[in-house]
Amino acid sequence: MDKIKKLSIPERSRVIVISDIHGEIDLFKELLMKVHFSNEDFLIVNGDLCEKGTNSKAVVDYIMDLSSKNANVHVTEGNCDTLVHDLLDENPELIKYLSNRPHSLLNEWLEQLGFELHEQVEIQEVKELLLYHFSEEIKWLSNLATAIETDKYIFVHAGLEDREDWRQTERATAITMSSFLDKTHKADQYVVVGHWPVVNYLQDIPSHNTIIDDEKKIIAIDGGNVIKDTGQLNALVIHKTANEDLFSHACVDHLPSRKVIKDFSKDEKVKGSVEYPFYEILPVEYGDHFTLCEQLETNEMLYVKNEYIHQNDNGRYTAKTDVSCSQISETEEIFYP
Ligand SMILES: [Mn+2]
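Residues numbered from 1 in each chain as written. Predicted model: local features only at pLDDT ≥ 70, side-chain atom pairs only at ≥ 80, totals over all residues. Heavy atoms only, no water.

S.K.: Would you explain the overall build of the protein chain in this entry?
M.R.: Of the regular secondary structure elements, the protein chain holds eight helices and 18 strands. Over its C-alpha trace the protein chain gives a radius of gyration of 22 Å, about what one expects of a compact globule, namely 20 Å for 337 residues. Considering only C-alpha atoms, the protein chain reaches an extent of 60 × 60 × 55 Å along its principal axes. In the protein chain, which comprises 337 residues, the proportion classed as buried is 48%. For the protein chain, the proportion of contacts with a sequence separation of at least 24, taken over those separated by at least 6, is 64%. Summed over its atoms, the accessible surface of the protein chain is roughly 17800 Å², and 48% of this surface lies on carbon and sulfur atoms. The positive charge centre, built from 33 side chains, and the negative charge centre, built from 61, are 4 Å apart in the protein chain. (Helix = DSSP H or I, 4+ residues; strand = E, 2+ residues; numbered from the N terminus. Rg over C-alpha atoms; globule rule 2.2 N^0.38 Å. Buried < 20%, exposed > 50% of the residue type's maximum accessible area, 1.4 Å probe, protein only. Contact = heavy atoms within 4.5 Å. Areas by Shrake-Rupley, 256 points an atom, 1.4 Å probe, with all protein chains shown as cover. Lys, Arg positive; Asp, Glu negative; His and termini not counted. Charge placed at Lys NZ, Arg CZ, Asp CG, Glu CD.)

Structure follows, in structure tokens:
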């Protein structure tokens, strides 16, 4: 990769890392408030600002503005942010992509211009039009760093190749490789990545929270925002003290709040989840709310909430989406006046 940005971060500062915003401008602003982001903090936006969510344009505008006013705001490119390269390279496949995508940065731009896209439109026409109206944004996006390197951290969207000199990692790999936490790297620094929803990694109780692996020196922060029905937008907060760095975590989501009306203590045996890529299940024992199912690829027995069970036309069963089958204990909240 060519675009590596070196950065020195002073001691006693805070570094906030957020990735995979995917057009969720409201969640992003809410998260910055939640971590009390201020001008003294460093902010790293670790790729995938755009696509999939409903307001990519607002995210790009907001972060572009933020980084122009604040020298401590830095951005890396994600695989979803490189559409502008396809545009500049006049990749004809881009027209097909845009025609099939309800939510895309370029579609939002075209919509703003009142331009109606269809599969017969020439890529050159779209390129000319967008370059005329959004040249600043296109330039900014196409110049984003692939990785940001500090003395203790490498921020990169998806991961690094396991080679002596990590800088030799192919750019395409750095922004698209899957499940980096299942792999290893040879860099001296911690590698902080987004891109792969952490819930996809095998965990006893499925969780979208940031995973810090001290042995591998990998920190995975993609909370599955937009991609997963129960996803969240995560912030990793690095507190640089004189001695060591401390980590904390914050998150925001669109999930509704519910009031606990009765105490509940979990049954330790009821755990696990139906998660990517193992969706095939076989119902064994039906219940009023949960059905005991065998997850066919893993042979695990799981209690799946009934409304998540789907029977295909061929008679086989799958879960409709990723679903946790773990119980958690809850206590009725008591308010003191
Ligand atoms: Mn990505």
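Read on for the rest.
S.K.: Whenever I open this one, the sheet that holds strand 10 (residues 233–240) confuses me. Can you help?
M.R.: Through backbone hydrogen bonds, the strands of a sheet pair up, either in parallel or in antiparallel fashion. An order of 4-3-2-10-11 is seen for the five strands of this open sheet, with the pairing classed as mixed. Of all strands in the sheet, those bounded by a partner on one side alone are strand 4 (73–76) and strand 11 (245–252). Taken pair by pair, the neighbouring strands of this sheet meet at an average axis angle of 20°, ignoring direction. Both strand 3 (residues 42–46) and strand 4 contribute to a ladder of four bridges, which runs parallel. Considered in strand 4, the bridge of L43 is made with V73. Packing against the sheet, helix 1 (residues 25–34) makes contact with strand 2 (14–18), strand 3, strand 10 and strand 11, and its axis sits at approximately 135° to strand 11. (Pairing = 2+ DSSP bridges. Axes fitted to C-alpha atoms, helices over the stretch in contact; angles between N-to-C directions.)

S.K.: Just to check I follow, could you spell out the coordination of the manganese ion for this structure?
M.R.: In ideal tetrahedral geometry, four donors around a metal make angles of 109.5 degrees, whereas ideal octahedral geometry with six donors gives angles of 90 or 180 degrees. Listed as protein donors to the manganese ion are D48 (OD), N79 (OD1), H157 (NE2) and H195 (ND1); their distances from the metal cover 2.1 to 2.3 Å. Coordination of the manganese ion draws on donor residues from a single chain, spaced D-x30-N-x77-H-x37-H in sequence. Note that D48 is positioned in the loop between strand 3 and helix 2 (56–69) and H195 in the loop between strand 7 (190–193) and strand 8 (211–213), a separation of 147 residues in sequence. Classification of H195 as buried rests on a relative accessible area of 14%. (Donors = N, O, S within 2.8 Å, 3.2 Å for Na, K, Ca; no water.)

S.K.: Which parts of the structure should I look at to understand helix 1?
M.R.: Structurally, the α-helix is built with 3.6 residues per turn, so residues lying three or four positions apart point the same way. Those residues of helix 1 lying buried are I25, L27, F28, L31 and L32. Seen end-on, helix 1 carries its buried residues on one side only, within an arc spanning 165°. Residues D26 and M33 are exposed on helix 1 and point more than 90 degrees away from its buried face. The elements touched by buried residues of helix 1 are strand 2, strand 3, helix 2, strand 10 and strand 11. With its phi angle positive at about 55°, H36 sits one or two positions after the end of helix 1. (Arc of directions from axis to C-beta.)

S.K.: In this structure, what is going on with the sheet that holds strand 6 (residues 153–156)? I would like to understand it.
M.R.: With respect to topology, six strands assemble into an open sheet ordered 1-5-6-7-9-8, the strand pairing being mixed. The open sheet is flanked by strand 1 (4–6) and strand 8, the only strands paired with a single partner. Between one strand axis and the next, the sheet turns through 15° on average, direction left out of account. Pairing analysis gives three bridges linking strand 6 to strand 7, with the strands arranged parallel. Among the inter-strand pairings, Y153 is bridged to a residue of strand 7, identified as Y190.

S.K.: How do you make sense of helix 6 (residues 123–133) when you look at a structure like this?
M.R.: The complete set of buried residues in helix 6 reads I123, V126, K127 and L130. In a view along the axis of helix 6, the buried residues occupy a sector of 100°, so they form one face of it. Residues of helix 6 that are exposed and point more than 90 degrees away from the buried face comprise E128 and Y132.

S.K.: Honestly, the nonpolar core in this entry has me stumped. Any pointers?
M.R.: A general trend in soluble globular proteins is that nonpolar side chains are found buried together. Judged by nonpolar contacts, the single largest core of 45 residues is most densely connected at I18, F28, L43, I63, L130 and W140. In terms of nonpolar packing, the next biggest core, distinct from the first, is built from 20 residues, A158, A174, V193 and V198 among them. (Core = buried A, V, L, I, M, F, W, Y, C linked by side-chain atoms within 4.5 Å.)

S.K.: When you look at the pairing of strand 10 in this model, what are you seeing that I'm missing?
M.R.: Regular strands have side chains that alternate between both faces of the sheet. Along strand 10, seven of the eight residues are buried, which leaves the element largely enclosed by surrounding structure. Direction of pairing for strand 2 relative to strand 10: antiparallel, over a ladder of five bridges. Across the sheet, residue V17 finds its bridge partner in strand 10, namely L236. Here strand 10 runs beside strand 11; their pairing, made up of eight bridges, is antiparallel. Of the residues in strand 11, the one forming a bridge with A235 is A250.

S.K.: Got a minute to help me understand the pairing of strand 2 in this structure?
M.R.: Most of strand 2 sits out of view: four of its five residues are buried. The pairing of strand 2 with strand 3 spans four bridges and is classified as parallel. Within strand 3, the residue paired with V17 across the bridge is I44.

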